Amino acid sequence: MNRSLKIFFGIIITFIVLALSSGFEMAIKSIVESVPMGVGSQVGILVISILLIFLFSKIRIIEFNIGKVNLKQLIHPIGLTVFLLIIRQLISTIVENDGTQVAVSMSILQKLIFIVVLASLSEELLFRGFLQNMLSPIKSFGIKLSNTRLSLPVLISGVLFGLMHFVLLGTGASFNYVIQIVIFGMFLGMIAGYFQEKHNNFTFAFIVHMSANLSGLIFSMVL
């Protein structure tokens with residue numbers, strides 16, 4: 001596939017998947033009304049992303065690698081992710097909000113399954129597993145911060161991942177709250193993308209995202 005077309009299709013298909021996921025939400029809700037809000041869309045993203053990655057890997061348009069990691073390798077990405085979340089919590093206490101956040105009616109077990117595991121896996125498969133790999137032709141371009149280099153695929157997938165969270169405005173969340181989530185999402189996406197690219201291993205992206213969601217859940221319970 002032509003490099004320009006690969007990049008174009010990667011971005012367009014990502015937006016199409018996000019649009020289609022709302023259809024999954026409505027379909028699952030029509031069958032099981034008790035399913036928590038957002039679960040249907042995450043299932044949709046998960047299913048479509050797996051199919052896309054399988055198909056595009058099969059015809060060798062993208063290279064998707066997933067493998068084992070050791071604890072020593074995880075110290076840096078998890079530590080950086082938790083630090084980022086602490087900074088967001090501190091900013092959230094300083095920035096004036098109108099008090100409107102996203103109400104999530106789930107048990108602790110449901111939050112662990114649907115937010116910590118399902119949302120982390122589905123979103124990372126789409127934005128890092130599929131999109132970032134589709135953007136590989138521009139991997140040689142990027143910016144360097146100190147000793148860290150962020151390639152364009154990492155930057156673009158991170159920014160788009162953050163912007164995706166503007167959909168939270170539709171849930172009644174305040175604009176100030178959503179802006180914080182969007183900015184945090186951009187940085188989180190870049191961290192996930194950076195470590196996936198550095199180790200050529202999707203597992204790092206998934207663990208980074210899962211660490212953020214788990215830490216957020218713990219903070220919401222104790223603060």
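Check the entry above for the structure.
Notes on the structure in this doc start here.

So, how was this worked out
Along every chain, residues carry numbers that run from 1 in the direction the sequence is written. Two thresholds apply to this predicted model, a pLDDT of at least 70 for residue-level local features and 80 or more for giving and counting side-chain atom pairs, whereas whole-chain, interface and lining totals are computed over all residues. To obtain the side-chain values, all non-hydrogen atoms of the structure were used and water was disregarded. Strands here are runs of E lasting at least two residues and helices are runs of H or I lasting at least four, both read from the DSSP assignment and numbered beginning at the N terminus. Put simply, the radius of gyration uses C-alpha atoms, and a globule should come to 2.2 Å times the residue count raised to 0.38. Only protein chains enter the accessibility calculation, which uses a 1.4 Å probe; a residue is then buried when its area is under 20% of its type maximum, exposed when over 50%, and partly exposed in between. Only heavy atoms matter for contacts: two residues are in contact if any of them lie within 4.5 Å across the pair. Computed by Shrake-Rupley with a 1.4 Å probe, the accessible areas treat only the displayed protein chains as cover when residues are assessed. Buried Ala, Val, Leu, Ile, Met, Phe, Trp, Tyr and Cys residues form a nonpolar core when they are joined through side-chain atoms within 4.5 Å. The patches reported here contain residues having more than 30% relative accessible area and no salt bridge. Joining distances are 9 Å for like charges and 5 Å for nonpolar side chains (Val, Leu, Ile, Met, Phe, Trp, Tyr). Salt bridges are defined by distance alone: a side-chain nitrogen of Lys or Arg within 4 Å of a carboxyl oxygen of Asp or Glu. A pair of Phe, Tyr and Trp rings is counted when the ring centres sit within 6.5 Å of each other, with Trp represented by its six-membered ring. The angle between the planes then sorts it: under 30 degrees is stacked, over 60 is edge-to-face, the rest tilted. The rule for a charge over a ring is simple: NZ of Lys or CZ of Arg within 6 Å of the ring centre, and within 35 degrees of the ring normal. Only protein atoms enter the 1 Å grid used here, on which a cavity is any set of points holding a 1.4 Å probe that cannot leave and a pocket is any open set flanked by protein within 12 Å on both sides along at least five of seven lines; residues with an atom within 4 Å of a point are listed as lining. Grid points are joined across faces, edges and corners, and a volume is the space filled by probe spheres set on the points. Classification used: nonpolar for Ala, Val, Leu, Ile, Met, Phe, Trp, Tyr, Cys and Pro, charged for Asp, Glu, Lys and Arg, polar for all others including Gly.

1. Quick look at the overall build of the protein chain
Step number 1: Scanning the protein chain for helices and strands turns up 7 helices and 2 strands.
Step number 2: Going residue by residue from the N terminus, the α and β elements of the protein chain occur as α-α-α-α-β-β-α-α-α.
Step number 3: A compact globule built from 223 residues should have a C-alpha radius of gyration of about 17 Å, and the protein chain, at 17 Å, falls within 12% of that.
Step number 4: Each principal axis of the C-alpha atoms in the protein chain carries an extent, and together these give about 45 × 45 × 30 Å.
Step number 5: Residues counted as buried form 45% of the 223 residues belonging to the protein chain.
Step number 6: Within the protein chain, contacts between residues at least 6 apart in sequence are counted, and of these 75% link residues at least 24 apart.
Step number 7: When the accessible surface of the protein chain is split by element, carbon and sulfur atoms take 69% of a total near 11900 Å².

2. So, the nonpolar core
Step number 1: Core analysis: the biggest nonpolar cluster contains 48 residues, and Val 17, Leu 52, Phe 56, Leu 126, Phe 127, Phe 130 and Leu 188 have the highest contact counts within it.
Step number 2: Elements that contribute at least two residues to this core include exactly helix H1 (3–31), helix H2 (39–58), helix H3 (71–94), helix H4 (108–134), helix H5 (152–164), helix H6 (175–199) and helix H7 (202–222).
Step number 3: Ranked by residues supplied to this core, first place goes to H7 with 8 residues.
Step number 4: Of all hydrophobic cores here, the second largest spans 7 residues; its members include Leu 168, Ala 173, Val 178 and Met 186.

3. Notes on a nonpolar patch on the surface
Step number 1: A cluster of nonpolar side chains, Leu 80, Phe 83, Ile 86, Ile 87, Leu 90, Ile 91, Ile 94 and Val 95, forms an exposed patch at the surface whose accessible area comes to about 700 Å².
Step number 2: Within the element layout of this structure, Ile 86 appears in helix H3.
Step number 3: Classification of Ile 86 by relative accessible area gives partly exposed; the value is 36%.

4. Observations concerning the packing of aromatic side chains
Step number 1: Here the structure, examined in full by the defined rule, presents 5 aromatic pairs.
Step number 2: Geometrically, the ring pair formed by Phe 56 and Phe 130 is edge-to-face, given 5.4 Å between the ring centres and 85° between the ring planes. With Phe 56 in helix H2 and Phe 130 in helix H4, the pair connects residues that are 74 residues apart, well separated along the chain. The residues Phe 56 and Phe 130 share a single accessibility class, namely buried.
Step number 3: Ring plane angle 45° and centroid distance 5.2 Å describe the contact between Phe 64 and Phe 202, whose orientation is recorded as tilted. One end of the pair, Phe 64, is in the loop between H2 and H3; the other, Phe 202, is in helix H7, and 138 residues separate them in sequence.
Step number 4: Of the residues examined, Phe 64 reaches a relative accessible area of 23% and is grouped as partly exposed.
Step number 5: In this structure Phe 202 comes out as buried when scored by relative accessible area, which is 2%.
Step number 6: The positively charged end of Arg 128 is found above the aromatic ring belonging to Phe 161, 5.0 Å away from the centroid.

5. Observations regarding the layout of surface pockets
Step number 1: In this structure, the second largest pocket encloses a volume near 350 Å³.
Step number 2: Taken together, 14 residues make up the lining of the second largest pocket; nearest its centre are Leu 80, Leu 145, Leu 150, Phe 187 and Ile 191.
Step number 3: Put simply, the parts of the chain that give the lining of the second largest pocket at least two residues each are H3, strand E1 (142–145), strand E2 (148–151) and H6.
Step number 4: No other element matches H6, which puts 5 residues into the lining of the second largest pocket.
Step number 5: Classifying every residue of the lining of the second largest pocket by side-chain character gives 12 nonpolar, 2 polar and no charged.

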